[in-house]
Amino acid sequence: MPNFDLFTVADLWSPYVIISTLIIAGIYLAFVGPLRPKELQQEPYPLRQVLYFLSGLLVFYIAQGSPLDLLAHLIFSAHMSQMALLYLVVPPLLIIGTPTWMFEKMLSIKGFGTLFRFFAKPMISILLFNGFFSLYHVPIVLDTVMTNYSLHTFYIILLFVTAYLMWWPIVTPMKDDKRLSHLRKIVYLVIDGILMTPACALIIFADYTLYDVYANPDMWMTALGYCVPDTTLLAVSQVSGPDYFAIFPPIHDQQLGGTIMKIMQELMYGIFLGYTFYHWMKNEKAKEREAEQHVLSSNLGNQIG
């Protein structure tokens, strides 16, 4: 396991992310509790949805505020684990846990609602996320982004927003005419999985290390400088470089990172594929029962007549 003796508690467990996450949780609980619209306060907000949202925040903190965030700057497999949590797990949990009335309020905002609906269209959202995700893992792009704080912050936010939009057609609580049918959701998830495969395959099957930021000590130190203070960075500068924290040789760690991302993607999409297929069959059976009851009622009416 990586040696964390060089880092402080604050380096490992970001107090800023803790505070931010707790503030968001507090605001959310207020708006699904006492600050809900008066007409909705007669019944409590479903506990299951509250747990979904809070679970999403917990996973977000694990990805961005726990030692995993620091580890993601040290070794590539941790970086991919962080991305899998941020973009494949957090968005659907947050969407499912957010009240429908809250989405209706946000989408009623002039300009914002129009932009959101446009970019959340299935073909646009799926291409945006997978396009930016694949571009991010082009070696020269990742090395550049990881060694430029402003660019890195912008790109991480961009990926999260596009991941949120990508999940919207699958788990949206909005019931309107543009909502995808169960069959189209299944097709959407299959296409989504296919589009992510090339980037993961590039990483898994490469026979050399692709990213200098996880192999070149100077670039590695530059990237690390954005997430730890100068005192910690000075202590880290005394070690040999990325290999000091490595669990596996760089090429194997890189292959592990690509494998983790692909497995997480298959797992999450598999869960939602199964969930979608189950409800599709359930709805079809319900329609069949209604049709049978209608036929029985019609026959009975004819006999009485």
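One structure accompanies this document, and this report is about it. The structure displayed is predicted, hence computed values, not measured ones. (Residues numbered from 1 in each chain as written. Predicted model: local features only at pLDDT ≥ 70, side-chain atom pairs only at ≥ 80, totals over all residues. Heavy atoms only, no water.)

Some points on the pattern of salt bridges
Heads up, the condition is: Criterion for a salt bridge: a side-chain nitrogen of Lys or Arg within 4 Å of a carboxyl oxygen of Asp or Glu. Only DSSP runs of H or I with at least four residues qualify as helices, and only runs of E with at least two residues qualify as strands; both kinds are numbered from the N terminus onward.
According to the stated counting rule, one finds one salt bridge in the structure shown. One salt bridge in this structure joins E266 and K262, with 3.3 Å as the shortest N-O distance. One end of the pair is E266 and the other is K262, both in helix α14 (residues 250-304) and four residues apart, which spans about a single turn.

Points about helix α12 (residues 217-224)
We apply this condition: The rule is simple: take the accessible area with a 1.4 Å probe, protein chains only, and divide by the maximum for that residue type; under 20% is buried, over 50% is exposed, in between is partly exposed. Arc definition: directions from the helix axis to the C-beta atoms. Note on definitions: a residue-residue contact is assigned when non-hydrogen atoms from the two residues lie within 4.5 Å. N or O atoms closer than or at 3.5 Å make up a polar contact, with two conditions inside protein: a donor-capable atom paired with an acceptor-capable one, and, for residues adjacent in sequence, both atoms drawn from side chains.
Among the residues making up α12, those that are buried are W220, M221, A223 and L224. The arc enclosing the buried residues of α12, seen along the axis, measures out at 160 degrees, which places them on a common side. Looking at the buried positions of α12, the neighbouring elements they touch are α4 (67-74), α9 (139-146) and α13 (230-236). A distance of 2.9 Å separates the backbone nitrogen of D218 from a side-chain oxygen at the start of α12, and that oxygen is part of N216.

Description of the packing of aromatic side chains
Note the following rule: Aromatic rings from Phe, Tyr and Trp, with only the six-membered ring used for Trp, were paired whenever their centres fell within 6.5 Å, and each pair was classed as stacked if the ring planes differed by under 30 degrees, edge-to-face if by over 60, and tilted otherwise.
Following the criterion strictly, the structure yields 18 aromatic pairs and no others. Taken together, a centroid distance of 5.1 Å and an interplanar angle of 20 degrees make the contact between F76 and Y211 stacked. Of the two residues, F76 sits in helix α5 (residues 76-97) while Y211 sits in the loop between α11 (182-205) and α12, which places them 135 residues apart along the sequence. The burial state of F76 is the same as that of Y211; both residues are buried. Ring centres of F277 and W280 lie 6.0 Å apart, and the angle between their planes is 85 degrees; on these two criteria the pair is classed as edge-to-face. Within this pair, F277 and its partner W280 are both found in helix α14, separated by three residues, close to a single helical turn. On the basis of relative accessible area, F277 is assigned to the partly exposed category, the value being 43%. Residue classification places W280 among the partly exposed residues on the basis of a relative accessible area of 23%. Through a chain of ring-to-ring contacts, the aromatic side chains of F7, W220, Y244 and F245 assemble into a single cluster.

Some details on α11
Two residues of an α-helix separated by three or four positions point the same way, owing to the 3.6 residues in each turn. Formally: Here a helix's expected span is defined as the number of its residues, less one, multiplied by 1.5 Å. Throughout, bend refers to the angle between the axes fitted to the seven residues that end at a position and the seven residues that start at it.
Between its first and last C-alpha, α11 extends 34 Å over 24 residues, near the 34 Å set by a 1.5 Å rise per residue. Maximal helix bending in α11 amounts to about 35 degrees, located at T197; proline P198 follows within four positions. What α11 keeps buried is the set K185, I186, Y188, L189, D192, G193, M196, A199, C200, I203 and I204.

Concerning the environment of I260
For I260, the position within the fold is in helix α14. Distance from I260 to M281, taken between C-alpha atoms, is 31 Å for residues 21 residues apart in sequence. Those residues in contact with I260, other than ones at most four positions away along the chain, are S77 and S81.

Points about the environment of I140
In this structure, I140 sits in helix α9. By relative accessible area, which is 63% here, I140 ends up exposed. Separated by 71 residues in the primary sequence, I140 and Y211 have C-alpha atoms spaced 7.7 Å apart.

A word on the side chain of T232
Looking at the element boundaries, T232 is found in helix α13. Once residues lying within four places of it in the same chain are set aside, the contact partners of T232 are L6, F7, T8 and D11.

What about the packing of α4 against α5?
Here is the rule we go by: An axis is simply a line fitted to the C-alpha atoms; with a helix, the fit covers only the stretch in contact. Between two such axes, the angle follows the N-to-C directions and lies from 0 to 180 degrees. If an angle is under 35 degrees, it is roughly parallel; if it is over 145, roughly antiparallel; if it lies from 65 to 115, roughly perpendicular; otherwise it is oblique. All amino acids are sorted into three groups, where Ala, Val, Leu, Ile, Met, Phe, Trp, Tyr, Cys and Pro are nonpolar, Asp, Glu, Lys and Arg are charged, and the leftover types, Gly among them, are polar.
The interhelical angle for the contact between α4 and α5, taken along N-to-C directions, is 130 degrees, at an axis separation of 7 Å. Classified by the angle between their axes, α4 and α5 sit oblique to one another. Contacts between α4 and α5 involve L68, D69, L71 and A72 on the former and, on the latter, A78, H79, S81, Q82 and L85. Residue composition of the contact of α4 with α5, grouped by class: five nonpolar, three polar and one charged.

As far as function goes, none of this settles anything; it's purely spatial.
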